[in-house]
Amino acid sequence: ARRGAMAGAAGGAAGYLLHPLVLCNVSDHATRVAVGACPHAGGRAIGLLLGTQKGRTVEICNSFELKYTCAPGGADVSIDWAFLEERARQYKATFSAYEVVGWYSTASGPAPRGGDTELHTLLAKLNESPVLMLLDPAVDPTKRSLPVKLYEGEMRVGGTGGEPTAALAEVSYSIQTVEAERIAVDQATKISPTGETAATQLTQHLDGMHRAVKMLHARVGALRQLLVRMDAGEIPMDHALARRVAALARRLPALDTAGFRTDFLKEYNDGMLAIYLATITRGVADTAELVDKLNLVSGDKAGPLSFTPAHVRAGHGGRFGGGM
């Protein structure tokens, strides 16, 4: 299903459809270059774009990074053509419908670099009309559009003698995705501060609870500081606010009752018991699997070693009700 069209200059007649998987791949490559994981990249990420072309519609579906060297600042790009041809052959063997449709690069500005036109012409031997995708890794929270632009080559007449020269012209594109890709990208975008994916609803719920409790703690702290300053006479006393705080404070001891502690400990013990039984069931299942492997290795067909009943191996958990 097609998503909303991204802003781009209408320069070419061909239609370009860009998949989110490509954006994830290029962003990951740019991040590794930025942290110094690619010492010979010169601060620039470069790779090839893979996809399909039907008529004048080019669909960019995947990408892979190249092996190359750059001078500091991203100039003087030298590509390892042997690696490029081998990697392209491997992708062709795996994804026979895909072909090289262009290349990508990171840029520190809105326009291609000085040597991009020559590199674009050099890569034209892989595709007679390649497309260049530029990604600006700089984060600008004020912009609502993707920091991605597409360019295609064209010949312009001008300059000395009126000879045609190669140039790059910006073209428009749209975001194209499928259901499986949307699920994967949605999981990749839900990243917690520790770097772990927050794909499950439980994790998202707990994360929301954590933010709510953190905000409540901050507001209670601010209210406490206000009351302390009122009591010290630093600011005028707000009697209405003090009465509301006192009424709220009188309600708090009602939560610390014998019935509350009993119910809380009961639920806590039930939860710990469920976890304990699930751990035992998992241990028994792992042990049974190990016994089966030992029987297979030893080849003892006369009387194989038996550790646990069949219903426990099947995950029914016996009288305690497994399947935890």
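Before any of the text, the structure's been laid out above.
Residue indices follow the written sequence of each chain, beginning from 1 at its first position. Selection of residues for local features in this predicted model requires a pLDDT of at least 70, selection of side-chain atom pairs for listing and counting requires 80 or more, and totals for whole chains, interfaces and linings are taken over all residues. No hydrogens and no water enter the side-chain calculation; it runs on all heavy atoms of the structure.

**Examining the overall build of the chain**
Point 1. The secondary structure listing takes helices from DSSP runs of H or I that are at least 4 residues long and strands from runs of E that are at least 2 residues long, numbered from the N terminus. Tallying secondary structure elements over the chain gives eight helices and 11 strands in all.
Point 2. Burial classification: accessible surface area is computed with a 1.4 Å probe over protein chains only, and a residue below 20% of its type maximum counts as buried, one above 50% as exposed, and the rest as partly exposed. Burial analysis of the chain (324 residues in total) assigns 25% to the buried set.
Point 3. Throughout, a contact is declared for two residues whenever any of their heavy atoms are within 4.5 Å. Considering only contacts within the chain whose residues lie at least 6 apart along the sequence, 61% involve residues at least 24 apart.
Point 4. Surface exposure here means Shrake-Rupley accessible area, sampled with a 1.4 Å probe, where a residue is shielded only by the protein chains that are shown. When the accessible surface of the chain is split by element, carbon and sulfur atoms take 59% of a total near 21500 Å².

**What about the pairing of strand β9 (residues 148–157)?**
Point 1. As paired elements, strand β8 (residues 131–135) and β9 share five bridges and run antiparallel to each other. Considered in β9, the bridge of L132 is made with Y151.
Point 2. DSSP-based pairing: two strands are paired if at least 2 bridges between them are found. Looking at chain direction, β9 and strand β10 (residues 164–171) are connected through eight bridges and run antiparallel. Counterpart to E152 in the pairing with β10 is A169.

**Examining the environment of C38**
Point 1. Mapping C38 onto the fold places it in the loop between α1 (20–34) and β3 (46–54).
Point 2. Distance from C38 to T69, taken between C-alpha atoms, is 9.5 Å for residues 31 residues apart in sequence.
Point 3. The residues touching C38, leaving out its near neighbours within four places in the chain, are R32 and V33.

**Some remarks on the pattern of salt bridges**
Point 1. One speaks of a salt bridge when a side-chain nitrogen belonging to Lys or Arg is within 4 Å of a carboxyl oxygen belonging to Asp or Glu. The full count for this structure, using the stated rule, is seven salt bridges.
Point 2. Measuring nitrogen to oxygen at the nearest pair gives 2.2 Å for the salt bridge that ties R211 to D207. Of this pair, R211 and D207 are both found in helix α5 (residues 201–231), four residues apart, which corresponds to roughly one turn of the helix.
Point 3. Look at D207 and you get partly exposed, because its relative accessible area is 32%.

**Considering helix α2 (residues 81–94)**
Three or four residues apart is the spacing at which side chains of an α-helix point the same way, because the helix has 3.6 residues per turn.
Point 1. Each residue after the first adds 1.5 Å to the expected span of a helix. Here α2 spans 20 Å end to end across 14 residues, near enough to the 20 Å set by a 1.5 Å rise per residue.
Point 2. Any pair of N or O atoms that falls within 3.5 Å is considered a polar contact. Within protein, one atom must be able to donate a hydrogen and the other to accept it, and sequence-neighbouring residues count only if both atoms are side-chain atoms. Among the residues of α2, the N-terminal cap falls to D80, whose side-chain oxygen and the backbone nitrogen of A82 are separated by 3.2 Å.

**A short note on the packing of aromatic side chains**
Point 1. Each aromatic pair joins two rings of Phe, Tyr and Trp (for Trp, the six-membered one) with centres within 6.5 Å, and gets the label stacked for planes under 30 degrees apart, edge-to-face for over 60, and tilted for any other angle. Under the criterion given, the structure shown has four aromatic pairs.
Point 2. A ring pair is formed by F95 and Y98, whose centres lie 5.5 Å apart and whose planes are at 20°; its orientation type is stacked.
Point 3. Judged by its relative accessible area of 24%, Y98 falls in the partly exposed class.
Point 4. Above the face of the W81 ring, K125 is positioned so that its terminal group lies 3.9 Å from the ring centre. Distance and angle both matter: a charge sits over a ring if NZ of Lys or CZ of Arg is within 6 Å of the ring centre and within 35 degrees of the ring normal.

**A few points about the nonpolar core**
Point 1. L18, I60, Y68 and M133 are the most contacted members of the largest nonpolar core, which totals 40 residues.
Point 2. Leaving out residues up to four positions away in the same chain, I60 has contacts with L17, L18, H19, V22, L49, L50, G51, V101, V131 and L150. Throughout this description, the term nonpolar core refers to a set of buried Ala, Val, Leu, Ile, Met, Phe, Trp, Tyr and Cys residues connected via side-chain atoms within 4.5 Å.

**A closer look at the side chain of E152**
Point 1. For E152, the position within the fold is in strand β9.
Point 2. Among the polar contacts made by the side chain of E152, one reaches the side chain of Y16 at a distance of 2.7 Å.

**Quick word on the environment of G51**
Point 1. Secondary-structure assignment places G51 in strand β3.
Point 2. Assessed through its relative accessible area of 0%, G51 is described here as buried.
Point 3. For G51 and V101, which are 50 residues apart along the polypeptide, the C-alpha to C-alpha distance reads 6.1 Å.
Point 4. With residues up to four places along the chain from it excluded, the contact list for G51 reads E59, I60, C61, A97, Y98, E99 and V101.

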